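Inside the fold
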Amino acid sequence: MTGLGAVMASLPALLADQSRLSEFLGFTVFGIVLAAIYFIAASGLVVTYTTSGMFNFAHGAVGMIGAFTYWQLVVSWGWPVVPSLLIILLVIAPLLGVFIERVVMRGLQGVSEVTRTVVSIALLFSLIRVAPMIWGSKNTYKVPAFFAGNSVEIAGVGVTYHQLVTIAIAIGVAVFLRWLLFLTRLGVAMRAVVDSRPLSRLNGARPERTSAASWALGSSLAALAGILVAERIVFDVVALTFLVVNAYAAAVVGRLTSLTRTFVGAVVLALVQSYGQGYLQENPAWLPKDLDVVNTVSTAVPVVLLLVVLLLIPQARLRAAGIQRSREAVPHPKIRLTLIGVGSLVAVVALVSLVMGGDDRITWSKGLALAIIMLSLVPLTGYGGQISLAQMSFAGLGAYAVATWGDGSPVGLLAAVVIAAAAGVLVALPALRLSGIYLALATLAFAYFVEKVVFPQRLLFPTATKPVKRLNLFGLSLDDDRAYMVFLAVVFGLLTVGIVLLRLGPFGRRLQAMKDSPAACATLGLNLTRTKLQVFVLSSAIAGLGGGLYAGVGKAANTIDYSALQNLPVLLMAVAGGVALCSGALVGGLLLASFGLGAKSIPSIEVLGVDSKTFFTNLFALAPGLIGIALGRNPNGIVAGMSEWARAKYDARFGAGADDEVDLDRLPRLPLEPVLDVEHMGLFRAFSADEVAAIDAVVRVDVGKEMAHAAP
Amino acid sequence: MPLLDAKEVSVRFGGHMALLDVTMSVEPGRITGLIGPNGAGKTTLFNVMTGLQDPVRGRVLMNGIDVTGSPPHERSQRGMARTFQRLELFGSLTAYENLQVAAEIKRMWGGGTSVPADERVESAIELIGMRPFVHKRADVLTTGQARLVELGRALVTRPKVLLLDEPASGLDADETEYFGTILKGLAKAGMGILIVEHDVPLVMKLCSQIFVLDFGQMIASGPPAAIQGNQRVIEAYLGAPAGSGA
Ligand SMILES: Nc1ncnc2c1ncn2[C@@H]1O[C@H](COP(=O)(O)OP(=O)(O)OP(=O)(O)O)[C@@H](O)[C@H]1O
Ligand SMILES: [Mg+2]
């Protein structure tokens, strides 16, 4: 308090000093321009979220694509600025948006929120991987400012034309959106679509068309933000994507639905970032020398703001959504089958490790370690229905714990588990009271924070790579790669048995129940927040352990392996394998590792002017994204899909139920559209008076009876 | 003292008042009815009582204790349970497991019972007669069966007050008859039951006290005979054109 008082008291004196004042104004202008960009990016997110009910994780990547296209047209081909902008904002970006809506998102009705989120994350990953294939993977791209070299002086501060244009565009966007959403037919229809597709159809609206329009608009706004932000930096694919991701924090201030609050969020975020960077750069005397201030502040501010805002958001109202007969159904695991499976896995790995070459052994060992990390998602995502985008970051903390404290004793792995679990509590606590999407956002922010703020601290991590000693249990050394590979299989097996037992016990039942109906669980007396925290801690602990083991494979902990981006394929492949099954994690882990191997083993041949090696390298790099997108068709994952396929073949040959009575678990489940229901409306916001009147005019009837009338 | 009190509760959705100064109470050992046309606000009132919806005004009391701001799980731990109009079963679990989860949750926070979870599940299964389908997955049950499972799931928490949102819709005549018998037995054992139902004859038969909601306002309350003769109720509900109500 006194500190703040002192600052306040000295403020007039500070501002009186002319150079201080203009410095302050300079930072302010910088902040306002940044706020304008954040607002444009965040408003695009809000538009797609309020109109399609879908949080688009790929938003930042769309912005990145927009910026690269702009670079292509203006820098590479030398086109004039205005036509290039018009082409991108009015043609290319909207088309990309419509394409995404048509091809990727529309197939997603009747799937869970988890699957929908995962598909949008898959899209994010795919775009990040596609861009370097088109534009190369240099990190030296630069686009010119609008009216480069021109500036005006306002109150002693130089403001470039580019900055003025940016601010003007943001104001234009705000006015345009206000007008569009509240004063036009299309806008009102857009806002109605999200609340109830079937209902707005009854009203004569065409939800498909309005939904496509909103994706087109969101995509244009993302591209615009990407282009504006690109001018400020020398950029590369990932940096640009994550710059736009900062805007997520602003959108969360608006609870993903309010443009006004999003605007406030953008301004606060940008000013804090700007002052922080500016002033801390000036007098870093009291800060540790090794601290990279500018980088740390600019990365830490959005993450901290996001977590603080999450703490402040009032608890989401639980909704009674009705029983979900979704396409997602995985049978209960059976303990006998699990034991047989685990036993055979260890046996096969033991055999294979003997005949395998050294390089392959490393690759497949990595696959097993990745599978262990993915196991952490089985209780969290598979049973509990919560998404985490930070499992590889927890693994990274685990890897560094092992590198720091592991001298061959289990202490290192123990430290890995404890540190990852503690970090898990920190990340999850603010988000757990809220709906699943916020947990995904918080973990993504945390992953970015770990990569950009934690790992670069030379105080903690003097080098990016640290040697790791493998476990040495009771004189039994695992230094030999064969022994280590078998050891990994054994750990995977033990964890699998543990997780299956958990699933068959009370805690597993509670998780499953919580996924099926949070509202019912709460009214039965279950503390949802505590339950989610428990499973999140368990999950991050497993990830930490997996990270420690993963580092043991290459006998080194390398920060690159645990970057924010690495979290995406881990989640995608775990879900692709089948995240409700431990065997799904195994398949996911091995597949992910094999993508790296596959690319290496392809010979280089020219086919139709394309180098086969490059082609397959690209294909494997893209694979997790493509597989993730395909998930919309089979949300149960590869393992469940294969066993269903095998069963169908078996039944076709021997007749259904040849070996047992008809299994009620296996009756086909329909991808039901949600029943039209008054209780189901207002999913994302409460209706206004005229909307309620309009709706009541249509459905002041019991739908059940209405349908009974319709069918004579 | 009433088990459950709603005092001058108001709920707003946007510009629309779904409930306006609604007051009602549920007494122990009795079945109380809550009726009203579609969209009257009955489910909304249930949500306020169970903590799924915050009122803009008004209070909810359990046994005289103010629980207005407290989350759903705390109210449940004080002895409240409910069923849902749109079924909220745990679809990927079997009917048996649906009850088992509830019993285990109850055991977790104590609730002062020494009866093992399985025993309580078994007795609820017997009581409700859900033996034939206990091992089916909940999402393949018929609506009637599912409603019974929801009732059973609420009962294994041994609630003092039980809120039922249209429990008889989807049941056939025999099932409804049997259902009524169970409810009467529970009330006789001291439980306070609040039932929302469109099957008006059933409500008239079961309830000793009936409240009538219309457009978010409580327009009448009293014993069945008084409600049947109430002019406002007849206008709002019973006298509405053919098809509704009965
Ligand atoms: N989440 C919501 N957002 C906006 N309006 C809502 C919401 N939930 C309910 N309403 C409105 O509140 C009013 C009361 O709804 P409620 O479901 O409580 O009625 P009800 O009496 O249970 O009707 P029914 O007999 O059809 O079940 C209705 O006009 C409904 O449209
Ligand atoms: Mg209702």
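Residues numbered from 1 in each chain as written. Chains lettered and ligands numbered in written order. Predicted model: local features only at pLDDT ≥ 70, side-chain atom pairs only at ≥ 80, totals over all residues. Heavy atoms only, no water.

A short note on the overall build of chain A
Within chain A, the secondary structure is distributed over 28 helices and eight strands. Taken over 712 residues, chain A has a buried fraction of 52%. Contacts in chain A between residues at least 24 apart in sequence constitute 79% of all its contacts with a sequence separation of at least 6. Carbon and sulfur atoms make up 68% of the accessible area of chain A, which totals about 30400 Å². (Helix = DSSP H or I, 4+ residues; strand = E, 2+ residues; numbered from the N terminus. Buried < 20%, exposed > 50% of the residue type's maximum accessible area, 1.4 Å probe, protein only. Contact = heavy atoms within 4.5 Å. Areas by Shrake-Rupley, 256 points an atom, 1.4 Å probe, with all protein chains shown as cover.)

Some details on the coordination of the magnesium ion (ligand 2)
Of the protein atoms, only Thr 43 of chain B (OG1) and Gln 85 of chain B (OE1) coordinate the magnesium ion (ligand 2), at distances of 1.9 to 2.1 Å. Separated by 42 residues along the polypeptide, Thr 43 of chain B in helix α1 (residues 42-50) and Gln 85 of chain B in the loop between β6 (80-82) and α3 (95-108) bring together distant segments of the chain. (Donors = N, O, S within 2.8 Å, 3.2 Å for Na, K, Ca; no water.)

Some remarks on the environment of Leu 85 of chain A
All names here are of chain A. Structurally, the position occupied by Leu 85 is in helix α4 (residues 81-105). Judged by its relative accessible area of 18%, Leu 85 is buried. Sequence-wise, Leu 85 and Leu 224 are 139 residues apart; in three dimensions their C-alpha atoms are separated by 8.5 Å. Leaving out residues up to four positions away in the same chain, Leu 85 has contacts with Tyr 70, Leu 90, Phe 146 and Ile 227.

Looking at the sheet that holds strand β7 (residues 161-165) of chain B
Residues and elements named next belong to chain B. Taken in spatial order, the six strands line up as β6-β7-β8-β3-β9-β10 in an open sheet, and their pairing is mixed. Across the chains shown, the open sheet's two edge strands, defined by having one partner strand only, are β6 and β10 (217-222). Averaged over all neighbouring strand pairs, the angle between strand axes comes to 15°, with direction disregarded. Across the sheet, helix α5 (residues 143-155) is in contact with β6 and β7; its angle to β7 comes to roughly 165°. Sheet contacts for helix α6 (residues 173-188): β3 (31-35), β7 and β8 (192-196); angle to β8, the most-contacted strand, approximately 150°. (Pairing = 2+ DSSP bridges. Axes fitted to C-alpha atoms, helices over the stretch in contact; angles between N-to-C directions.)

Digging into unusual backbone geometry
Positive phi is not limited to glycine here, since Arg 255 of chain A has a value of about 45°. You can see Arg 255 of chain A is positioned in the loop between α10 (237-253) and α11 (259-282). Phi at Arg 158 of chain B takes a positive value of approximately 50°, unusual for a residue other than glycine. Looking at where Arg 158 of chain B falls in the secondary structure, it is placed in the loop between α5 and β7.

A few points about the confidence of the model for chain A
All names here are of chain A. Residues with a pLDDT of 70 or more make up 80% of chain A, whose mean pLDDT is 80. When the elements of chain A are averaged for pLDDT, helix α28 (residues 703-710) gives the smallest value, 34, and helix α22 (residues 528-553) the largest, 95. Note on residues 657-712: pLDDT is under 50 here. Beyond four places in sequence and across chains, it has 82 contacts. (pLDDT = per-residue confidence, 0-100.)

Quick look at the domain arrangement of chain B
Residue and element names in this part refer to chain B. Along its sequence, chain B is organised into domain 1 (1-79 + 160-246) and domain 2 (80-158). The interface is formed by 30 residues belonging to domain 1 together with 19 residues belonging to domain 2. With both chains or domains summed, domain 1 and domain 2 bury close to 2000 Å², and 62% of this area falls on carbon and sulfur atoms. Counting across the interface, domain 1 meets domain 2 through zero salt bridges. Across the domain 1-domain 2 interface, the total number found is 13 residue pairs in polar contact (both at pLDDT 80 or more). (Domains from an automatic or database assignment. Buried area = accessible area lost by both parts, 1.4 Å probe. Salt bridge = Lys/Arg side-chain N within 4 Å of Asp/Glu carboxyl O. Polar contact = N/O pair within 3.5 Å; in protein donor to acceptor, adjacent residues only side chain to side chain.)

Focus on the domain arrangement of chain A
Residue and element names in this part refer to chain A. When its domains are assigned, chain A resolves into domain 1 (30-248) and domain 2 (336-601 + 636-647). Taking only C-alpha atoms into account, the centre of domain 1 sits 34 Å from that of domain 2. Contacts between domain 1 and domain 2 engage 16 residues on the former and 16 residues on the latter. Together, the buried faces of domain 1 and domain 2 total about 1600 Å²; carbon and sulfur atoms form 88% of this surface. At the boundary of domain 1 with domain 2, the tally comes to zero salt bridges. Sorting the residues of the side of domain 1 that touches domain 2 by element identifies α5 (113-135) and α10 as the ones contributing at least two each. In terms of residues, the side of domain 1 that touches domain 2 owes the most to one element, α5, which gives nine residues. Taken together, the residues of the side of domain 1 that touches domain 2 sort by class into 13 nonpolar, two polar and one charged. (Nonpolar A, V, L, I, M, F, W, Y, C, P; charged D, E, K, R; others polar.)

Topic: empty space enclosed by the protein
Residue and element names in this part refer to chain A. Enumeration according to the criterion identifies seven cavities of 30 Å³ or more in this entry. Considering only enclosed or pocket space, the largest cavity measures out at about 110 Å³ in volume. Lining the largest cavity, in full, are Val 245, Asn 246, Tyr 248, Ala 249, Pro 302, Val 303, Leu 306, Leu 441, Leu 444, Ala 445 and Tyr 448. Going through the elements one at a time, α10, α12 (293-312) and α18 (436-454) are the ones with two or more residues in the lining of the largest cavity. Here the residues of the lining of the largest cavity are counted per class, giving ten nonpolar, one polar and no charged. Taken domain by domain, the makeup of the lining of the largest cavity includes at least three residues from each of domain 1 (30-248) and domain 2 (336-601 + 636-647). In this model, the second largest cavity occupies a volume close to 90 Å³. Lining the second largest cavity are 15 residues, with Val 402, Leu 413, Lys 469, Arg 470 and Leu 471 sitting closest to its centre. Counting residues per element, the ones that place at least two in the lining of the second largest cavity are α17 (411-431), α19 (481-504) and α22. Looking at which element gives the most residues to the lining of the second largest cavity, the answer is α22, with three residues. Within the lining of the second largest cavity, the residues separate by chemical class into seven nonpolar, six polar and two charged. (1 Å grid on protein atoms, 1.4 Å probe; cavity = no way out; pocket = protein on both sides within 12 Å on 5 of 7 lines; lining within 4 Å. Points joined across faces, edges and corners; volume = space filled by probe spheres on them.)

So, the sheet that holds strand β1 (residues 4-13) of chain B
All names here are of chain B. Taking strand neighbours across the sheet as the criterion, the four strands line up as β2-β1-β4-β5 in an open arrangement whose pairing is antiparallel. Here the strands that pair on one side only, and so sit at the sheet edges, are β2 (16-26) and β5 (65-66). Where β1 meets β2, seven bridges bridge the pair, whose relative direction is antiparallel. By the bridge assignment, Asp 5 is partnered in β2 with Ser 25.

A few points about the packing of aromatic side chains
Residue and element names in this part refer to chain A. One pass over the structure, following the stated rule, counts 16 aromatic pairs over all chains. The interplanar angle of 35° and the centroid separation of 6.4 Å between the aromatic rings of Tyr 275 and Tyr 279 together place this pair among those described as tilted. Within this pair, Tyr 275 and its partner Tyr 279 are both found in helix α11, separated by four residues, close to a single helical turn. For Tyr 275, a relative accessible area of 22% gives the class partly exposed. Cluster of aromatic residues (ring-pair linked, three or more members): Phe 24, Phe 27, Tyr 275 and Tyr 279. One cation-aromatic arrangement involves Arg 503 over Tyr 383; the distance from NZ or CZ to the ring centre is 5.9 Å. (Phe/Tyr/Trp six-rings, centres within 6.5 Å; stacked < 30°, edge-to-face > 60°. Lys NZ or Arg CZ within 6 Å of the ring centre and 35° of its normal.)

What to know about the side chain of Arg 510 of chain A
Among the secondary structure elements, Arg 510 of chain A is positioned in helix α20 (residues 506-516). Within the buried core, Arg 510 of chain A has no salt-bridge partner, and the shortest N-O distance to an opposite charge, that of Glu 104 of chain B, equals 5.1 Å. (Lys, Arg positive; Asp, Glu negative; His and termini not counted.)

Regarding the environment of Ile 105 of chain B
Residue position: Ile 105 of chain B is located in helix α3. Those residues in contact with Ile 105 of chain B, other than ones at most four positions away along the chain, are Arg 510, Leu 524, Gly 525 and Leu 526 of chain A.

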